Amino acid sequence: MTTGDIRPRSGDDNTRFRLTVVDQALRLFAEKGYEATTVEEIAEAAGISRRTFFRQFRSKEDVIFADHESQLAQAAEFLGASRGDPWETVCEAVVQVFERFTQWREIAERRYHVVRRVPALREREIVTVFRYERLFTDYLRDRLPEVPDLARVQYTAAVTATHNYLLRRMVRGESDAGAADLRVELAAIPRGAGRRAGADELVVAVFPRDTPPRQVADLVARKLGSL
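Residues numbered from 1 in each chain as written. Predicted model: local features only at pLDDT ≥ 70, side-chain atom pairs only at ≥ 80, totals over all residues. Heavy atoms only, no water.

(A) Structural view of the overall build of the protein chain. Looking only at helices and strands, the protein chain features 11 helices and 0 strands. Within the span of the protein chain, comprising 227 residues, buried residues form 40% of the whole. For the protein chain, contacts bridging at least 24 residues in sequence account for 71% of all contacts bridging at least 6. Accessible surface, the protein chain: about 13,300 Å² in total, of which carbon and sulfur atoms supply 52%. (Helix = DSSP H or I, 4+ residues; strand = E, 2+ residues; numbered from the N terminus. Buried < 20%, exposed > 50% of the residue type's maximum accessible area, 1.4 Å probe, protein only. Contact = heavy atoms within 4.5 Å. Areas by Shrake-Rupley, 256 points an atom, 1.4 Å probe, with all protein chains shown as cover.)

Laid out in C-alpha cells, this is it:
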C-alpha cells in the first residue's frame, strides 16, 4: 500500500474518491496516451494502492467512464422516487445528469479528448449512452404501459441525444448552454404517440351568435378534418 492510501467510503465520499481517481487517470491519458499509461501510474497519481484501485475499478477502461456509473445510479434513484408526470420526470432526470457534468466539466472535457483518440473507448461510450436510454425507457414502460413502445423509445432516444449534443458543444468550448437551455429543448420534444405535424396548433373558430349548435359542430368537424 502506498503512503497515505485513500480509502473510499460510502455515499458522497465514495463518489468524490472515484472522481479523484478518474481525474488523475484522464490527466495521465491526455499527457502520455491511453495505451502507455499503467494502472500503477494511475494509482500512484491518485494516492492509492494498486489493490485499492482494483477494488473500485476492473480496468483502465472502467476508470474513464466511472462517473457515469454514479450518474446512472443517481438517475435511477430519482426516477424511482418520483411520482410526477413521467415525461417531465425523465426530462428532469436528464437535466440533473447535465448539471452534474457541468460541475465536473474538466473531467468531461478530458474524457472527450481522450475518447476521440481511442476507437475502443468510442465503442464503450456508445454502450454507455444506450444504458441511459434503456434506463429512461424502462421507467416509461413501467409508468406508462398504455403508450406504444416505439413512442417511448423514440422519446428517450431524443432526450438523450439532445443532452449529449449540448454537452459535447460545451466540452468543445462551442457553447455555454446551461440547464435552462436544455429544459427548453427537451420541452419541444413530442411526447407519446399519435401526434402529427401541426397537432399542437391552436384552432380558433368564430361563428355568429345565432348559429345553431349542430351546424357549428358540423362545420368544425369538416374544417378539422381537412387540416
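(B) Seen up close, the confidence of the model for the protein chain. Of all residues in the protein chain, 79% have pLDDT values of 70 or greater, and the mean over the chain is 84. Considering only residues more than four positions removed or in separate chains, one finds that residues 194-202, a stretch of pLDDT under 50, has 3 contacts. (pLDDT = per-residue confidence, 0-100.)

(C) Inspection of the packing of helix H8 (residues 119-143) against helix H9 (residues 149-171) at higher detail. Between H8 and H9, whose axes approach to 9 Å, the crossing angle comes to 135 degrees. Taken together, the axes of H8 and H9 are oblique relative to one another. Considering how the two elements wind past one another, H8 and H9 form a crossing that is right-handed. Contact residues: Glu125, Val129, Tyr132, Glu133, Phe136, Thr137, Leu140 and Arg141 in H8; Asp149, Arg152, Val153, Tyr155, Thr156, Ala157, Thr160, Asn164 and Arg168 in H9. Split into classes, the residues belonging to the contact of H8 with H9 amount to 7 nonpolar, 4 polar and 6 charged. (Axes fitted to C-alpha atoms, helices over the stretch in contact; angles between N-to-C directions. Parallel < 35°, antiparallel > 145°, perpendicular 65-115°, else oblique. Left-handed = near helix turned anticlockwise from the far one by under 90°. Nonpolar A, V, L, I, M, F, W, Y, C, P; charged D, E, K, R; others polar.)

(D) Just the packing of aromatic side chains, in detail. Overall, the coordinates contain 5 aromatic pairs when judged by the stated rule. Between Phe53 and Phe57 the ring centres are 5.3 Å apart and the planes differ by 45 degrees, which places this aromatic pair in the tilted class. Between Trp87 and Tyr155, the aromatic rings sit 4.8 Å apart at their centres with planes inclined by 80 degrees, giving edge-to-face as the arrangement. Note that Trp87 is positioned in helix H6 (residues 86-103) and Tyr155 in helix H9, a separation of 68 residues in sequence. Neither Trp87 nor Tyr155 differs from the other in exposure class; each is buried. Joined through ring pairs, the aromatic side chains of Phe53, Phe54 and Phe57 make up one cluster. A cation sits over an aromatic face here: Lys60 above Tyr34, 4.6 Å from the ring centre. (Phe/Tyr/Trp six-rings, centres within 6.5 Å; stacked < 30°, edge-to-face > 60°. Lys NZ or Arg CZ within 6 Å of the ring centre and 35° of its normal.)

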